[in-house]
Structures are given as C-alpha cells and as structure tokens.
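This is what each chain is made of:
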Amino acid sequence: MQITPRDILDDILPKVKATERVVNNTLKSMLEAADDSAERRRLENQVMEFELEITMIMMNLEHLMNRYAMAFQEVTDAGHRRSGPVLELDQHEVVAIESARKLYERIQEVQRADTSPD
C-alpha cells in the first residue's frame, strides 16, 4: 500500500472524523429513539463496534504520524503544494488505513438507511 502524508490528512483523517460524528450523532440518536429491545441491543452493539474500531484506527494513525512527524510537518507547512513522501507502513498501519476506508463506507450505508423513507 502506498500512501502520502497528504492522503492521510486530506482523505483518511476526515473519513475517521466523519465516521465518529455519525456514530455520536446519528447512531446514538437512533439508539435513544429505539422502542424495540432487540433493535436497541443491535444498535448498542453497533455503536460499541464502531467506537472500538475508531479507537484502534486512531491509535495506529497516531503511531504513524509520530513515526513520520517530520514528513507530516513538512507537508503541513507547505500547505496543499506538497503531498510528501510515500510512507512505509507497518502491518498495523496498513490495517488501520484499510479499516478507516471500510468503516467510512459502512457508516455511509447506515446514514443512507437512516435517511431512506420507510
């Protein structure tokens, strides 16, 4: 997997933050409004699953950003003019990047299901 600091800053982190917002807003609102105990349990499990996954992703992204702090600083200082070097990821960081993308897709499905007419 090839990824640059700019990809992390402009694609991956915003997806993780958007996922976190949907969990905190949409899913928790759905949980509060759930009348059926089975639906409530399903949503509680879903919220816990998303929160755990977000925590794992963020821990690994923080590790990556600390490891390549100079590259991230250079990219940040240069604004949108530089994407930075291609980063060499360890296996946990690769899983975190892939998980962030998949989790974002899943949360988009949850949002679509929540906004679709019954």
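Keep in mind the model is a prediction, meaning the values are calculated, not measured.

*Asks:* Describe the overall build of the protein, with residues and values.
*Replies:* Secondary structure summary: the protein contains 4 helices and 0 strands in total. Classification of the 118 residues of the protein by burial places 35% in the buried group. Pairs at least 24 apart in sequence give 76% of the contacts found in the protein among residues at least 6 apart. Summed over its atoms, the accessible surface of the protein is roughly 7400 Å², and 49% of this surface lies on carbon and sulfur atoms.

*Asks:* For the pattern of salt bridges, give the residues involved together with the corresponding values.
*Replies:* Under the defined criterion, the tally for this structure stands at 9 salt bridges. One salt bridge connects D11 with K15, and the closest N-O pair in it is separated by 3.1 Å. Here K15 and D11 lie together in helix α1 (residues 5-33), a separation of 4 residues that amounts to about one turn. The salt bridge partner of E93 is R67, with a shortest N-O separation of 2.5 Å. Residue E93 is found in helix α4 (residues 91-115), and its partner R67 is found in helix α2 (residues 37-67); the two are separated by 26 residues along the sequence. Judged by its relative accessible area of 1%, E93 falls in the buried class. Overall, the relative accessible area of 39% leaves R67 in the partly exposed class.

*Asks:* Lay out the environment of L61 in plain terms, naming residues and giving numbers.
*Replies:* Locating L61 in the fold gives a position in helix α2. The exposure class of L61 is buried, given its relative accessible area of 1%. Between the C-alpha atom of L61 and that of L9, which follows or precedes it by 52 residues, the distance is 10 Å. If we skip the residues at most four places from it in the chain, L61 touches I8, I12, L13, V16 and I97.

*Asks:* Outline the confidence of the model for the protein, listing residues and values.
*Replies:* Scored by pLDDT, the protein has a mean of 91; 97% of the residues are at 70 or more. Looking over the protein, one finds the lowest element-wise mean pLDDT in α4, namely 90, and the highest in α2, namely 94.

Cut-off values and rules
Residues numbered from 1 in each chain as written. Predicted model: local features only at pLDDT ≥ 70, side-chain atom pairs only at ≥ 80, totals over all residues. Heavy atoms only, no water. Helix = DSSP H or I, 4+ residues; strand = E, 2+ residues; numbered from the N terminus. Buried < 20%, exposed > 50% of the residue type's maximum accessible area, 1.4 Å probe, protein only. Contact = heavy atoms within 4.5 Å. Areas by Shrake-Rupley, 256 points an atom, 1.4 Å probe, with all protein chains shown as cover. Salt bridge = Lys/Arg side-chain N within 4 Å of Asp/Glu carboxyl O. pLDDT = per-residue confidence, 0-100.

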